[in-house]
Amino acid sequence: MAGYMVYWPQDVLQKWTKAGEKGPIKVVYGSIHSRMPTIASIKVGDVVFPVSQVKKHLYVMARLPVTHREAALDYTLRELGSSCGALGQENSSGFDSCTRWQPVLDHQPHQVPFNCCSQWAVWGEEGSAIEPRQLPDEVLPDLRFGYSKSKERPLKFTPNGSVLSSSLTATRRLSEETLEIFEGLF
């Protein structure tokens, strides 16, 4: 089992919060854009931790053990009833036309892709609640990401001490020690 960190943009989290999103997390999408980075390296058996940065602090938003991996279009067709979400068009409420099916299919806001180029979906039934869990600021410099000890790298920081956004806008494999820190939040 490997652990991965993926980025959820703050504006998307705000829409979900306004819509009452609390989880449990069911799916994480990936695309080719920094707002929704690729998840091509994530496999069945891995664990995904979506993160977001709020007021210079890093939060782990959820924990999703991956039991399935498939094309985003296949997931949305089966789970949402159409190829909706950002795979389609967004309406004035900030959500796509798929939300009209919510009473029938009872999907959660995070199940609707927020990026027009969603390629993959990893999902599972044992996801945690979606809520901010702050990583202590003092552990942030110790977090390491990469595929082997010799290639592990830390997060990058701005001169004022906050995590550089480019450190977050890529899917990052957690080192064993970093995975323990993330798991400790759940």
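This is a predicted model, so every value here is computed, not measured.

Peer 1: Would you mind showing me how to read helix H2 (residues 72-80) here?
Peer 2: Given 3.6 residues per turn, any residue in an α-helix points the same way as the ones three and four places further on. Those residues of H2 that sit buried are Ala72, Tyr75, Thr76 and Leu80. Buried residues of H2, viewed axially, fall in a sector of 95 degrees; they line one side. The first or second residue beyond H2 is Gly81, which carries a positive phi of 90 degrees.

Peer 1: Even after reading the chapter, I still don't get the sheet that holds strand E2 (residues 27-30), so can you show me in this structure?
Peer 2: Sheet strands pair via backbone hydrogen bonds, and the direction of the pair is either parallel or antiparallel. Ordered by their spatial adjacency, three strands build an open sheet running E2-E7-E6, and the pairing between neighbours is antiparallel. What marks the edges here is a single partner per strand, and that holds for E2 and strand E6 (68-71). Going across the sheet, the axis of each strand differs from the next one's by a mean of 20 degrees, ignoring polarity. H2 rests against E2, E6 and strand E7 (120-123) of the sheet, and its axis sits at about 105 degrees to E6.

Peer 1: How should I be thinking about unusual backbone geometry in this particular structure?
Peer 2: Generally, phi is negative for residues other than glycine and the peptide bonds are trans, each holding for most cases. A cis amide bond links Gly23 to the next residue, Pro24, at an omega of 10 degrees. In the Ramachandran plot, Lys55 falls in the positive-phi region, its phi being about 50 degrees despite a non-glycine side chain. With respect to the helices, strands and loops of the structure, Lys55 is situated in the loop between strand E3 (47-54) and strand E4 (57-60). Here Lys56, not a glycine, exhibits a phi torsion of approximately 70 degrees, which is positive. Summarising the element assignment, Lys56 is placed in the loop between E3 and E4.

Peer 1: Would you mind going over the confidence of the model for the protein with me for this structure?
Peer 2: In low-pLDDT segments, the atomic positions of the prediction should not be examined closely. For the protein, per-residue confidence averages 86 on the pLDDT scale, and residues scoring 70 or more make up 87% of the total. pLDDT under 50 marks residues 85-104. Its contacts with residues more than four places away, or in other chains, come to 40 contacts.

Peer 1: I tried to follow the side chain of Arg133 on my own but got confused; where do I start?
Peer 2: Relative to the assigned elements, Arg133 resides in strand E8 (residues 133-134). Of the residues examined, Arg133 reaches a relative accessible area of 12% and is grouped as buried. There is a polar contact of 3.1 Å between the side chain of Arg133 and the backbone oxygen of Ala129. The contact partners of Arg133, leaving out residues within four places of it in the chain, are Leu58, Tyr59, Val60, Met61, Ala62, Ser128, Leu185 and Phe186.

Peer 1: How should the environment of Met36 be read in this particular structure?
Peer 2: Secondary-structure assignment places Met36 in the loop between E2 and E3. Judged by relative accessible area, which is 1%, Met36 ranks as buried. Leaving out residues up to four positions away in the same chain, Met36 has contacts with Tyr29, Gly30, Ser31, Phe114, Asn115 and Ser118.

Peer 1: What exactly am I supposed to notice about the environment of Ala2 here?
Peer 2: If you trace the backbone, Ala2 turns up in the segment before strand E1 (3-7). Separated by 172 residues in sequence, Ala2 and Leu174 have C-alpha atoms that sit 7.2 Å apart. Ignoring anything within four residues of it in the chain, the contact list for Ala2 reads Asp46, Val47 and Arg173.

Peer 1: Explanation requested: the nonpolar core in the structure shown.
Peer 2: Soluble globular proteins: nonpolar side chains tend toward being buried together. Residues Val6, Trp8, Ile25, Val28, Ile42, Val48 and Val122 are the most contacted members of the largest nonpolar core, which totals 19 residues. For this core, the secondary structure elements donating two or more residues are E1 and helix H1 (10-18). Here this core takes three residues from H1, the largest share from any one element. Within the second largest apolar cluster, 17 residues are counted, among which are Val47, Leu58, Leu140 and Phe182.

Peer 1: What should I look at first to understand the packing of aromatic side chains in this one?
Peer 2: Note on aromatic pairs: each is described by the distance of the centres and the angle between the planes. Counted according to the given criterion, the structure contains six aromatic pairs. Residues Trp16 and Phe114 carry aromatic rings whose centres are separated by 6.0 Å and whose planes lie at 70 degrees to one another, so their mutual orientation is edge-to-face. Linking Trp16 in helix H1 with Phe114 in the loop between helix H3 (102-105) and E7, this pair joins segments that are 98 residues apart in sequence. With a relative accessible area of 21%, Phe114 lands in the partly exposed category. Aromatic side chains Phe49 and Phe186 sit 5.9 Å apart centroid to centroid with 45 degrees between the ring planes, which places their arrangement in the tilted category. Residue Phe49 is found in strand E3, and its partner Phe186 is found in the segment after helix H4 (176-183); the two are separated by 137 residues along the sequence. The class for Phe49 is buried, based on a relative accessible area of 0%. Put simply, the rings of Trp8, Trp16 and Phe114 pair up and form one aromatic cluster. In this structure, Arg69 is placed above the aromatic ring of Trp120, and the distance from its NZ or CZ to the ring centre is 4.1 Å.

The rules behind each value
- Residues numbered from 1 in each chain as written.
- Predicted model: local features only at pLDDT ≥ 70, side-chain atom pairs only at ≥ 80, totals over all residues.
- Heavy atoms only, no water.
- Buried < 20%, exposed > 50% of the residue type's maximum accessible area, 1.4 Å probe, protein only.
- Helix = DSSP H or I, 4+ residues; strand = E, 2+ residues; numbered from the N terminus.
- Arc of directions from axis to C-beta.
- Pairing = 2+ DSSP bridges.
- Axes fitted to C-alpha atoms, helices over the stretch in contact; angles between N-to-C directions.
- Contact = heavy atoms within 4.5 Å.
- pLDDT = per-residue confidence, 0-100.
- Polar contact = N/O pair within 3.5 Å; in protein donor to acceptor, adjacent residues only side chain to side chain.
- Core = buried A, V, L, I, M, F, W, Y, C linked by side-chain atoms within 4.5 Å.
- Phe/Tyr/Trp six-rings, centres within 6.5 Å; stacked < 30°, edge-to-face > 60°.
- Lys NZ or Arg CZ within 6 Å of the ring centre and 35° of its normal.

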